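# Understanding the architecture of this molecule
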Amino acid sequence: MALTPDEKTSLMQRARGLRRDIVEITAWSGGAHIGGSLSVIDILTYLYFHELDIRSDEPEWPDRDRLILSKGHSAVGYTAVLARRGYYDFDLLKSFNKFGSPFGMHPDGNKITGCDASTGSLGHGLPIAVGLALGAKIQGAGWRVFCIVGDGELNEGSNWEAMMAAAHHKLDNLTLIVDRNRMMIDGPTEEVMSLEPLADKLTAFGMSVWDIDGHDFDDLCAAVDGASAGNAPGAIIANTVKGKGVDFMEDEVPWHYGSVDSELRDRALASIERMYEGVPQ
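Residues numbered from 1 in each chain as written. Predicted model: local features only at pLDDT ≥ 70, side-chain atom pairs only at ≥ 80, totals over all residues. Heavy atoms only, no water.

Ordered in space as β1-β2-β3-β7-β6, the 5 strands form an open sheet in which the pairing is parallel. Sheet topology places β1 (66-69) and β6 (208-213) at the edges, where each strand pairs with a single neighbour. Taken over all neighbouring pairs, the strand axes of this sheet differ in orientation by 20° on average, direction set aside. (Pairing = 2+ DSSP bridges. Helix = DSSP H or I, 4+ residues; strand = E, 2+ residues; numbered from the N terminus. Axes fitted to C-alpha atoms, helices over the stretch in contact; angles between N-to-C directions.)

Structure representation (structure tokens):
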């Protein structure tokens, strides 16, 4: 169902706050994978604050939808989302990536409330998601599985094996979302290892494909609705911008991982406010 104007405004307000959170946590921790967190945050915002059937006060609820953040290096964004969704107090993230903290550079499912899987070694998340979706089918359960991968992560062959299995078992309860920011740690994806024609490849592996603007909540809503209603595993190519919202980070390879001092923090926060100019506070 299409978003109402109020729902869309609420999601934009939430995304603005989460972008600010990503900058603040990066400043507190001394460094983080900030570029990919800023590119994926609208996807996470849509899922956690509109789409997923979850209960933050009952994180192990058996019938909850599952989300696997396979691009686990975006933990600085993911952990902020979980905090704002009510799984734990946001102030706990002031310990992000510090000794003894449950919050590391990659999410640990044994330590972080609301995290369905430990991820970070790229290419593992989609196979986990396929297993979860197949398990739900075997049990006759109605919950869904979403898996977010980075586009550079698609260099890992395990993803394509997982897609073959998902198509073979007709896992229409599985939706793959590719954060297609066209950048990876070594440079542009099309220079390091070309992915195009990505939509054709995903289709050839048995996925029902949507190619959208990953920063547009209307596009995300339509694609997720379509993927969830199909009779095959869905794949959403969410075209995004690395570092989205922070003008000096956008499409800049060095901001795959970076640190911000007080001056850069203030510049980043000011850029985010400019991006959301006109959106009610």
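Turning next to the state of the cysteines. As used in these notes, a disulfide is a covalent bond between sulfur atoms, one from each of two cysteines. Counted according to the given criterion, the structure contains 0 disulfides. Its sulfur unpaired, Cys147 is 12 Å from the next cysteine sulfur, which belongs to Cys115. A residue is classified by how much of its surface remains accessible, and Cys147, at 0% relative accessible area, is buried. (Disulfide = S-S within 2.5 Å. Buried < 20%, exposed > 50% of the residue type's maximum accessible area, 1.4 Å probe, protein only.)

We now examine the side chain of Thr119. Inspection of the secondary structure assignment puts Thr119 in the loop between α3 (75-84) and α4 (125-139). Of the polar contacts made by the side chain of Thr119, one reaches the backbone oxygen of Leu69; its length is 2.6 Å. If sequence neighbours within four positions are ignored, Thr119 has contacts with Ile68, Leu69, Ser70, Gly72, His106 and Pro107. (Polar contact = N/O pair within 3.5 Å; in protein donor to acceptor, adjacent residues only side chain to side chain. Contact = heavy atoms within 4.5 Å.)

Before going further, it helps to spend a moment on the pattern of salt bridges. Tallied over the entire structure, the rule returns 19 salt bridges. Arg265 is the partner of Asp266 in a salt bridge, and the nearest nitrogen-oxygen pair spans 2.5 Å. A residue is classified by how much of its surface remains accessible, and Arg265, at 25% relative accessible area, is partly exposed. It is possible to trace a salt-bridge network through shared partners that takes in Asp151, Arg180, Arg182, Glu190 and Glu196. (Salt bridge = Lys/Arg side-chain N within 4 Å of Asp/Glu carboxyl O.)

Counted according to the given criterion, the structure contains 5 aromatic pairs. Relative to Phe103, the ring of Tyr88 lies with its centre 5.0 Å away and its plane at 50°, an arrangement referred to as tilted. Remark: Phe103 occurs in the loop between α3 and α4 and Tyr88 occurs in the loop between α3 and α4; sequence separation between them is 15 residues. The buried category is assigned to Tyr88, whose relative accessible area is 12%. Note that Lys94 overlies the ring of Trp28, its terminal NZ or CZ placed 5.7 Å from the centroid. For the cation-ring pair, Arg267 lies above Phe248, with the distance from its terminal atom to the ring centre recorded as 4.3 Å. (Phe/Tyr/Trp six-rings, centres within 6.5 Å; stacked < 30°, edge-to-face > 60°. Lys NZ or Arg CZ within 6 Å of the ring centre and 35° of its normal.)

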